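As a plain string of letters, each chain reads:
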Amino acid sequence: MNTTQFSLAELAKEVDGEITGNAELAIHAFSPLETAKDGDISFLVKAKDVGMLDSFTGSAVIVPMAIETASIPLIRVDNPYLASAKIHTLLLQKPFVAKGVHDQVCIGKDSDVPQQISIAPFVSIGNRVQLGERVSIESGVVLGDDVQIGDDCILKNNVSIADGCIIGNRVIIHPGAVIGSDGYGYATDKRGFHTKRPQVGSVHIGNDVEIGANACVDRATYGVTRILSGSKIDNLVQIAHNVVIGENNLIVSQVGIAGSVTLGRNVVLGGQAGVKDHITIGDGVMAAAQSGIHNNQKAGEIIGGSPAIPMKHFARAAIQFAKLPEMARNIRQLKREIAALQVLVTETNEDNGDKK
Amino acid sequence: MNTTQFSLAELAKEVDGEITGNAELAIHAFSPLETAKDGDISFLVKAKDVGMLDSFTGSAVIVPMAIETASIPLIRVDNPYLASAKIHTLLLQKPFVAKGVHDQVCIGKDSDVPQQISIAPFVSIGNRVQLGERVSIESGVVLGDDVQIGDDCILKNNVSIADGCIIGNRVIIHPGAVIGSDGYGYATDKRGFHTKRPQVGSVHIGNDVEIGANACVDRATYGVTRILSGSKIDNLVQIAHNVVIGENNLIVSQVGIAGSVTLGRNVVLGGQAGVKDHITIGDGVMAAAQSGIHNNQKAGEIIGGSPAIPMKHFARAAIQFAKLPEMARNIRQLKREIAALQVLVTETNEDNGDKK
Amino acid sequence: MNTTQFSLAELAKEVDGEITGNAELAIHAFSPLETAKDGDISFLVKAKDVGMLDSFTGSAVIVPMAIETASIPLIRVDNPYLASAKIHTLLLQKPFVAKGVHDQVCIGKDSDVPQQISIAPFVSIGNRVQLGERVSIESGVVLGDDVQIGDDCILKNNVSIADGCIIGNRVIIHPGAVIGSDGYGYATDKRGFHTKRPQVGSVHIGNDVEIGANACVDRATYGVTRILSGSKIDNLVQIAHNVVIGENNLIVSQVGIAGSVTLGRNVVLGGQAGVKDHITIGDGVMAAAQSGIHNNQKAGEIIGGSPAIPMKHFARAAIQFAKLPEMARNIRQLKREIAALQVLVTETNEDNGDKK
């Protein structure tokens, strides 16, 4: 049970909000609007939904600035969606409780395990591994030799991080994710036999990154595959060797990014999108789900389709795609009408010629 | 070696079949038609393939009703494909043998482990976990706190089920599947930095569900991500937060279902299909492989393409798609012909005008 | 630190190369051209880039035959990309050092563990398992009963190989991959309830195969799912029951291959491609990323699109796809022009008729 509590004033301060109502009101928990109880704070994203506050059963609501007053205490903010995430996080926050290292853990030589740490059973840690403060490592995690993990990281069940990979601070890696598997690189001889190219690079992951369940990040062939700070990678995403993912990207589930792709800052790739190898994607590019990105993209482009084109073109073309059979019929009909006209006009001209 | 045996009559009763031939015939095993041996029963799906029975080397065959007699014993049924699955299952059935809890298993506080259970080495079980009767838990499985598992479940190698998830009876979860990972939800500030929204909901899985290898089912942001009874999820499928999957769905490999999607009963999503967030898909909808479903779908729709449209339209449009270059040439040619006609008709009219 | 060293002559011999310069030069390591140090060998793929050798800071370069001389020692070969892979591999090669079986490993009855082996902690091995020489099994790996592993294999963290699967020599299986999970097969009754078909077949994997991280290979319903020698499967690939993958295939990340598909030799499937069940794909077929292959393909076909068509048709059609709105406008315009012409021609003819 969560026994933390904050005053409305403390919460408002956290999000630069303005209070309407009792600033000393005690808030214990966060709930959606529909299920809030006494002591709960909720949130409302759109001012037009203000009527939903009438049946509210909690204690306070985070609302957009446009809602100026209500019968219940409010925290008014520019972005209620963001403010509610911050306040919810604050209300859930607990001090790190170090559970220490379970008996059933194997740790290699010269590895550095701080006191403020929790390592669950059946975890295997290689040689010369460096672990930051307040790291939580769940069951079945395997860390290779020379791995470095920053402070306040959470490595969930069965995560695998191979030799030499470096992880920043406050990184969350979800169950089954694989960091530092070999890149997919072969050289083919005349008989069609593939020789594996050694994959001797590494993976570096910045701060505040999240890697989804069963996602894969391959090590570089040489050099480093990088995921820069603030980027969020969803489940089952494939990130190939030598990819560079810029800051604050959102890479949605099942996206595949081929080798040596470079993504700028704040790129958003929708679910199941694919990016061809050696492509550069500019800052702020947004690609629709299932896009197939074959070419470099300038900053700010919004694209869709496979091969991907500007989204507004894709949307219009997709509407026409459904009408292709009708279009084909129209063309056949036009052909017939033109042929008929050609006969008619030729006859007319011959008639005229006769008369001449 | 399987030493179970059933009489033809016992097997026929299991599937409401009619026997032709010796009802007391002993059947030991199930085999495909081509490789059946003495004591084996096989199946034939289509009556038109009746000639395949001539070279049959086993003991009996499950056939469609339309085959009325043969030189070998038959079980005649409405649906031989279904009947053969049931009979094969019956022939393989063995009583559950409890192997107990291996020495190398960690179990938290207040967890409830019945006697009729098999837990393999290196399994980690949290606090207050409830396990049903005759559950089999293979190596490397991790169950979080407060997990509930029903009767007769099989959790295969390295499956991960996070805190508070609830699993029904007779559920099979294949290796590496992840149940209850965090949903993918962030709120973005003006600088482009993403704040994680706490994911405090759960996952509930009904009875007779199967979850494929390395598939992922995210917990709800609030509330519950649900997979209702009888649904079968293939390998590497992504099911996002707050999704509701109705009863008896077939979700084929690598499908991705975005947040807050609701699927009805008996929906079929072909491999690699994707469903946009907050969509509702009616009962019995069938989507072709690689579909991209962007809109609500009424019950019974059969759809394909990305964005998905009715399958018959998609099939016709896809044929025309391949002819687009020809279509473009045709249009250019029509333009030229019309331009020529326009010249001709104008001249004719001028001629006529001259004569007037 | 790698202290192996080879003379330029020894390396050249390995790749049938011709030496320019000092054949006795000692080479210690392999590096990309840009970062080579003294003692390093690098490679240059294209003769036209010969200028890059001017600023080279290493000791020798593998170059194409067309480069005949340079100010630094060269190994001249037909295929520098291939030769460099072989030479890099040779320079990294170390004798297998058997670490033996860790204390925290569970091995079943009648399993055969040779002396030349490394088995990491928390590995679980079933009954009657056969392990080849110089096999390395990393943490969290689970091998079922009756599994056979050839010589010189590497099974990385948390790999799962189910009962009865057979793996050849020199196979590498990356973290989290699942071999031998149940095929996805159900028979549906009139009420829409799905009965699982028992999946009693196996998986056989040939020599020199590589299986990517979190990839899945399902066992056959009956019979065998096969991956023949030399094939390389990337991360997150799905290979369904009864698939046969020929020799030396390249199956790129996130590809999905449905049940009973047969691929020939040296097939290449681009990332996220999907193959419909029961299809046969001929030798040397190449499918673009995100292809959806619905039909049998003859040897040597190069295809793209979903449904897949010959690549050159797809490429042209995709260009026209983007122009569909323009095409629709053109057709509407042609209709109007033809209608106008029809009016004009009719009037002209009536005029002419009047005059007759």
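Criteria and cut-off values
Residues numbered from 1 in each chain as written. Chains lettered and ligands numbered in written order. Predicted model: local features only at pLDDT ≥ 70, side-chain atom pairs only at ≥ 80, totals over all residues. Helix = DSSP H or I, 4+ residues; strand = E, 2+ residues; numbered from the N terminus. Rg over C-alpha atoms; globule rule 2.2 N^0.38 Å. Buried ≥ 20, exposed ≤ 12 C-beta atoms within 10 Å, placed from the backbone. Contact = placed C-beta atoms within 7 Å. Least-squares fit on C-alpha atoms with pLDDT ≥ 70 in both. Expected span 1.5 Å × (residues − 1). Nonpolar A, V, L, I, M, F, W, Y, C, P; charged D, E, K, R; others polar. Pairing = 2+ DSSP bridges. Axes fitted to C-alpha atoms, helices over the stretch in contact; angles between N-to-C directions. pLDDT = per-residue confidence, 0-100. Domains from an automatic or database assignment.

Tell me about the overall build of chain A, residues and numbers included.
Helix and strand content of chain A: four helices and 39 strands. Expected size for 356 residues packed as a compact globule is a radius of gyration near 21 Å; at 29 Å, chain A overshoots this value by more than 25%. Projecting the C-alpha coordinates of chain A onto the three principal axes gives extents of approximately 110 × 75 × 30 Å. Taken across its 356 residues, chain A has 52% of its residues classed as buried. Long-range pairs, those at least 24 residues apart, make up 20% of the contacts in chain A with a sequence separation of at least 6.

Could you give an account of the relation of the copies chain C and chain B, naming the residues involved and the relevant values?
Rotating chain C by 120 degrees and moving it 0.0 Å along the rotation axis overlays it on chain B with an RMSD of 0.1 Å. Look at the turn and shift together and you get a three-fold axis relating the two.

Go over helix α2 (residues 80-92) of chain C, please, and point to the residues and values.
With 13 residues, α2 of chain C should reach 18 Å at 1.5 Å per residue; the first-to-last C-alpha distance of 18 Å fits that figure. Among the residues making up α2 of chain C, those that are buried are Pro-80, Leu-82, Ala-83, Ser-84, Ala-85, Lys-86, Ile-87 and His-88 of chain C.

Hey, could you go over the interface of chain C and chain B for me, with residue numbers and the actual values?
Across the contact, 53 residues belong to chain C and 56 residues belong to chain B. Among the secondary structure elements, those contributing two or more residues to the side of chain C that touches chain B are β20 (178-181), β21 (186-188), β22 (194-196), α3 (311-322) and α4 (324-355) of chain C. With eleven residues, α4 of chain C is the single largest residue contributor to the side of chain C that touches chain B. Taken together, the residues of the side of chain C that touches chain B sort by class into 25 nonpolar, 20 polar and eight charged.

Can you explain the interface of chain B and chain A? Please cite residues and give values.
Listed by partner, the interface residues are 53 residues for chain B and 56 residues for chain A. Ranked by the residues each element gives to the side of chain B that touches chain A, the list is headed by helix α4 (residues 324-355) of chain B, at eleven residues.

I'd like to hear about the sheet that holds strand β4 (residues 29-30) of chain A, residue by residue, with values.
All names here are of chain A. One open sheet accounts for five strands, arranged β2-β7-β6-β5-β4; its pairing is mixed. At either margin of the open sheet sits one strand with a lone partner, and together these are β2 (18-20) and β4. The pairing of strand β6 (residues 60-64) with strand β7 (residues 74-77) spans four bridges and is parallel. Bridged to Val-63 within β7 is Arg-76. Sitting on the sheet, helix α2 (residues 80-92) is in contact with β4, β5 (40-43), β6 and β7, with an inclination near 150 degrees to β6.

Could you give an account of the confidence of the model for chain A, naming the residues involved and the relevant values?
Averaged over chain A, the pLDDT score is 95; the fraction of residues at 70 or greater is 97%. In the model output, the complex is listed with pTM 0.96 alongside ipTM 0.95.

Mind laying out the pairing of β5 of chain A, listing which residues take part and the relevant values?
Residue and element names in this part refer to chain A. The alternating pattern of β5 places Asp-40 and Ser-42 and Ile-41 and Phe-43 on opposite faces, both of which are buried. Relative to β5, β4 is paired through two bridges, and the arrangement is parallel. Bridge pairing in β5 links Ala-29 to Asp-40. Here three bridges tie β5 to β6, and the two strands are oriented parallel to one another.

Lay out the sheet that holds strand β37 (residues 292-293) of chain B with the relevant residues and their values.
Residue and element names in this part refer to chain B. As summarised here, the arrangement of the ten strands in space is β9-β11-β14-β17-β20-β25-β28-β31-β34-β37, forming an open sheet in which the pairing is parallel. Both edges of this open sheet fall to β9 (106-107) and β37, since each of them pairs with a single strand only. As judged from the three bridges shared by strand β20 (residues 178-181) and strand β25 (residues 216-218), these two strands associate in the parallel manner. Bridging across to β25, Ile-179 finds its partner in Val-217.

Go over unusual backbone geometry, please, and point to the residues and values.
A cis amide bond links Ser-306 of chain A to the next residue, Pro-307 of chain A, at an omega of 0 degrees. Following the sequence through the fold, Pro-307 of chain A ends up in the loop between β38 (302-304) and β39 (309-310). The backbone of Asp-16 of chain B shows a phi angle near 55 degrees, a positive value even though the residue is not glycine. Tracing the backbone through its elements, the reader meets Asp-16 of chain B in the loop between α1 (8-14) and β2 (18-20). The backbone phi angle of Asn-158 of chain C is positive, close to 60 degrees, even though this residue is not glycine. Exposure remark for Asn-158 of chain C: the 33 C-beta atoms within 10 Å place this residue in the buried category.

Can you tell me about the environment of Lys-298 of chain B, naming the residues and giving the values?
Residues and elements named next belong to chain B. If you trace the backbone, Lys-298 turns up in the loop between β37 and β38 (302-304). C-beta crowding within 10 Å serves as the criterion here: with 12 such atoms nearby, Lys-298 is assigned to the exposed category. As for Lys-298 and Gly-282, which are separated by 16 residues in sequence, their C-alpha atoms are 4.9 Å apart.

Tell me what's going on with the pairing of β7 of chain A, and back it up with residues and numbers.
Residues and elements named next belong to chain A. Because side chains alternate across β7, one face comprises the buried residues Leu-74 and Arg-76, and the other comprises Ile-75 and Val-77, equally buried. Of the pairings in the sheet, the one linking β2 to β7 comprises three bridges and is antiparallel in character. What sits directly across from Glu-18, in β7, is Arg-76.

How would you summarise the domain arrangement of chain A if you had to cite specific residues and measurements?
Each assigned domain of chain A is listed here: domain 1 (6-92), domain 2 (159-313) and domain 3 (323-356). Measuring from the centre of the C-alpha atoms in domain 1 of chain A to the corresponding centre in domain 3 of chain A gives 71 Å.

I'd like a rundown of the environment of Ala-9 of chain A, residues and numbers included.
Residue and element names in this part refer to chain A. With respect to the secondary-structure elements, Ala-9 resides in helix α1 (residues 8-14). Overall, Ala-9 belongs to the partly exposed group, with 15 C-beta atoms counted inside 10 Å. Along the chain, Ala-9 and Asn-22 lie 13 residues apart, while their C-alpha atoms are 8.6 Å from each other. When neighbours within four sequence positions are excluded, Ala-9 is seen to be in contact with Ile-19, Ala-23 and Glu-24.

Summarise the environment of Asp-38 of chain A; cite the residues concerned and give the values.
All names here are of chain A. Note on placement: Asp-38 falls in the loop between β4 and β5. A C-alpha to C-alpha distance of 21 Å links Asp-38 and Asp-49, two positions eleven residues apart in sequence. Contacts of Asp-38, omitting those with residues within four sequence positions, involve Gly-58 and Ser-59.

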